[in-house]
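Reading the structure
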Protein chains: 2
Amino acid sequence: MADLVAINGEIFKPEDARISVFDRGFLYGDGVYEVTRSYGRVLFALEDHIERLYRSADRIGLDIGMTREELSTELYRIHDAAQRPDRYIRVVVTRGEGKINLDPTTRLQSNIVVFVQDVPAFDPKLYETGQDIITASILRNPKKSLDPNVKSGNYLNNILALGEAKKRKAHDAVMVSAQGHVTEGTTWNIYMVQDGAYVSTPDDGDILQGITRKIIRDIIKSNGMKWVERFFTPDEMKKAPEVLSTSSIREVMGIRTVDDVTIGNGRPGPATLKLAQLYKEYVTRYCKERAR
Amino acid sequence: MADLVAINGEIFKPEDARISVFDRGFLYGDGVYEVTRSYGRVLFALEDHIERLYRSADRIGLDIGMTREELSTELYRIHDAAQRPDRYIRVVVTRGEGKINLDPTTRLQSNIVVFVQDVPAFDPKLYETGQDIITASILRNPKKSLDPNVKSGNYLNNILALGEAKKRKAHDAVMVSAQGHVTEGTTWNIYMVQDGAYVSTPDDGDILQGITRKIIRDIIKSNGMKWVERFFTPDEMKKAPEVLSTSSIREVMGIRTVDDVTIGNGRPGPATLKLAQLYKEYVTRYCKERAR
């Protein structure tokens, strides 16, 4: 099976994978998740994703019910059951199923659902042209209400932002904070290039601390390039010569327009292309060292 | 069956009611819901709940896939299948199941899940003593990010607030806005009594426009009592002679303490008890007129 779903370890065809409607993920979005992919048979940056999953769970007081090592072994077992290289893998952990009652302190058994499927294909042309994005009118959840740094099952904020983008015929949306600063895309981090430096919203700025972003930061620093963390506005970003985006699935992709304003000369610039190349090299090295 | 679940019209025992893990409610909390109860065989304020469900759905661009009249008939059909009076009924409508992809503009068939079960029992003593609540440190979702007036499947904000209450040995939590104003409880509206008036946060104040609250307002006005809508702080509320809460399920319940500060003389006062009595009379009249 190229595509499969595992529920608490039991493997199903996608069309047969069902969960109780009393699951708190279904009722309230009361769960956490991670997404990564394999290159060949190696799950990329798996330790980082597992670490972040446990951190997200800890912040909402959810007991995953197994150790990091057990989960890592389990994810490889399920991944390998698909018997295909280059898989998308998503792990969702909910607080489990029980009576209908918001109380998160009732002791329930978590439900762990793992999706293995084809890596979603971006049109390859987008890497040559860059994406068209908008700044959504809906604001990013502030961290005092629903911390964007908890990767949870509450994704309506991001969904509504993406819905705005689709209505405006754009590919995707970036979200702004109540303070007017750029935070992050709907499922990716964003950067602008300025005076030869890659500029990113600070870790504490209503963003998810992206794992790809962390790797990108390491790559930039170890290659002697400039990395700056500071707040910036959409207007400032629109004047930058380059804007780019990253995630585990998209890797590094340029941004062509923001709110119909053309960025730079309207195609991914040298800083974007160089970073995309360095990221690919990093991935290749990472997977070679962990070949199985 | 006293307790049952209907999924797209098909009735299941609760333990057999399962939904695809590709449902967007499960993956992202991408759905809306309502809760009401029957008194005898009459679903209380059903038209209001259905109207609010459609409004919530409209605000997130979700197509429920049937008319209000069809849904009303369907809810009665499912309710009656339980063959018991005095039921709790919850209807959840998700954007349906499809590929894993945040995009809400893909045309999917909504999933409609209806839960019928016993009305959750509050300890009757709580109506005599009042509840102990806290003001949660987690702030209410601001409406520019995730409108509390959309009754959606994204309930982590409320869950975390209730979790704080449980840790502090309180019954429940009220949430405060970034501006420092009292908004609402985790699943109920809140009021303070001041100079003989019932004081409630304004409709546009990061709250769900409660249906019970609307009825309460009508009752107060039609009985010649004073109703005031204005913002107030937790400190102001703690000095009020009475604080009370309402919801479809709890009806009218007094608040005994807020953050361990005793309200009034520490038991539900005359304004609370009078309103509880008038609400019961309203319900009796409502159900008598609609007896079936």
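Structure's up top.
Residue indices follow the written sequence of each chain, beginning from 1 at its first position. Chain letters and ligand numbers both follow the written order, the letters beginning at A and the numbers at 1. Where local features are concerned, this predicted model is filtered to residues with pLDDT of at least 70; where side-chain atom pairs are given and counted, the filter is 80 or more; whole-chain, interface and lining totals use all residues. Think of the side-chain values as coming from all heavy atoms in the structure, minus any hydrogens and water.

Residue and element names in this part refer to chain A. The phi dihedral of Asp 86 is positive, around 55°, even though this residue is not glycine. With respect to the element layout, Asp 86 can be found in the loop between helix H3 (68-81) and strand S6 (87-94). Each residue's exposure class comes from its accessible area (1.4 Å probe, protein chains only) as a fraction of the maximum for that residue type: buried when under 20%, exposed when over 50%, partly exposed otherwise. Classification of Asp 86 by relative accessible area gives partly exposed; the value is 35%. By the criteria applied, helices consist of DSSP H or I runs no shorter than four residues and strands consist of E runs no shorter than two, each listed in order from the N terminus.

Further remarks concern the sheet that holds strand S1 (residues 4-7) of chain A. All names here are of chain A. If you trace the six strands from one edge of the open sheet to the other, you get S2-S1-S7-S6-S4-S5, paired in antiparallel fashion. The open sheet has two edge strands with one neighbour each: strand S2 (10-12) and strand S5 (42-43). Following DSSP output, two strands are said to pair if at least two bridges run between them. Examined bridge by bridge, S1 and strand S7 (residues 111-118) share four bridges and lie antiparallel to one another. Each bridged residue has a counterpart across the sheet, and for Leu 4 the counterpart in S7 is Val 116. Contact between two residues is taken to exist if any of their heavy atoms lie within 4.5 Å; hydrogens are not considered. Interaxial angle, 0 to 180 degrees, is taken between N-to-C directions of lines fitted to C-alpha atoms, where a helix line uses only the stretch in contact. Sheet strands in contact with helix H2 (residues 46-59) are strand S4 (31-39), S5 and S6, and its direction is about 175° off that of S4.

Attention shifts here to the pattern of salt bridges. Salt bridges are defined by distance alone: a side-chain nitrogen of Lys or Arg within 4 Å of a carboxyl oxygen of Asp or Glu. Enumeration according to the criterion identifies 52 salt bridges over all chains in this entry. A salt bridge links Arg 37 of chain A to Asp 86 of chain A; the nearest nitrogen and oxygen atoms lie 3.6 Å apart. Pair noted here: Arg 37 of chain A is in strand S4 and Asp 86 of chain A is in the loop between H3 and S6, with a separation of 49 residues, a long-range link. When its relative accessible area of 11% is taken as the criterion, Arg 37 of chain A is described as buried. For Glu 236 of chain B, the salt bridge goes to Arg 230 of chain B, with nearest N and O atoms at 2.6 Å. Each member of the salt-bridge network shares a partner with another, and the members are Asp 203, Arg 213, Arg 217 and Glu 229 of chain A.

Residues and elements named next belong to chain A. Cavities and pockets are defined on a 1 Å grid built over the protein atoms alone: a cavity is a set of grid points where a 1.4 Å probe fits but cannot escape, while a pocket is an open set with protein on both sides within 12 Å along at least five of seven lines, and lining residues are those with an atom within 4 Å of any such point. Grid points are joined across faces, edges and corners, and a volume is the space filled by probe spheres set on the points. All chains considered together, the criterion is met by seven cavities of 30 Å³ or more. Forming the walls of the largest cavity are Arg 140, Asn 141, Leu 146, Asp 147, Pro 148, Val 150, Lys 151, Ser 152, Asn 154, Tyr 155 and Asn 158. For this scheme, ten residues count as nonpolar: Ala, Val, Leu, Ile, Met, Phe, Trp, Tyr, Cys and Pro. Four count as charged, namely Asp, Glu, Lys and Arg, and the remainder, Gly too, count as polar. Looking at the lining of the largest cavity residue by residue, the class counts come to four nonpolar, four polar and three charged.

Looking now at the interface of chain A and chain B. In this complex, chain A contributes 54 residues to the contact, which on the side of chain B involves 55 residues. The quantity reported as buried area is the accessible area (1.4 Å probe) lost by two parts once they are put together, taken as the sum for both. In total, chain A and chain B occlude about 4,500 Å² of area from one another, counting both sides; carbon and sulfur atoms represent 71% of this. Per-residue buried area on chain A facing chain B is highest for Phe 26, Leu 102 and Leu 156 of chain A; these three make up 16% of the total on that side. Applying the counting criterion to the chain A and chain B interface returns zero salt bridges. Identification of polar contacts relies on pairs of N or O atoms within 3.5 Å, with a donor-acceptor requirement for protein atoms, meaning one able to donate a hydrogen and the other able to accept it, and with residues adjacent in sequence counted only if both atoms are side-chain atoms. In this structure, the connection of chain A to chain B is made through 19 residue pairs in polar contact (both at pLDDT 80 or more). Elements with a minimum of two residues in the side of chain A that touches chain B: S1, strand S3 (18-20), helix H1 (24-28), S6, S7 and helix H5 (156-167) of chain A. Examining the composition of the side of chain A that touches chain B, we find that eight residues originate from one element, H5 of chain A, more than from any other.

So, about the relation of the copies chain A and chain B. To superpose the copies, least squares is applied to the C-alpha atoms of every residue with a pLDDT of at least 70 in both. The operation relating chain A to chain B is a screw motion whose rotation component is 180°, with 0.0 Å of axial translation and a residual RMSD of 0.0 Å. In symmetry terms, the pair is related by a two-fold rotation axis. Of the residues that chain A buries at the interface, 100% are likewise interface residues in chain B, meaning the two copies contact each other through the same surface.

All names here are of chain A. Multiplying 1.5 Å by the residue count of a helix minus one yields the expected span of that helix. Along its 14 residues, H3 runs 20 Å from first to last C-alpha, staying within 8% of the 20 Å computed at 1.5 Å per residue. Those residues of H3 that fall on the buried side of the exposure criterion are Leu 71, Glu 74, Leu 75, Tyr 76, Ile 78 and His 79. If you follow the buried residues of H3, they end up packed against S1, S4, S5, H2, S6 and S7. Looking one or two residues beyond H3, the residue adopting positive phi is Gln 83, at roughly 55°.

All names here are of chain B. The six strands lie next to each other as S2-S1-S7-S6-S4-S5, forming an open sheet whose pairing is antiparallel. Because the sheet does not close on itself, it has two edges, and the strands there are strand S2 (10-12) and strand S5 (42-43). Relative to the sheet, helix H2 (residues 46-59) contacts strand S4 (31-39), S5 and strand S6 (87-94), its axis offset from that of S4 by approximately 175°.

Looking now at helix H5 (residues 156-167) of chain B. Residues and elements named next belong to chain B. The end-to-end C-alpha separation of H5 is 16 Å, in line with the 16 Å expected for twelve residues at 1.5 Å each. Of all twelve residues in H5, ten are buried; the element is thus mostly enclosed. Among all positions in H5, only Leu 156, Asn 157, Asn 158, Ile 159, Leu 160, Ala 161, Leu 162, Gly 163, Glu 164 and Ala 165 are buried. Positioned one or two residues after H5, Lys 169 has a phi angle of 60°, which is positive.

By themselves, these are just geometric observations and shouldn't be taken as functional.
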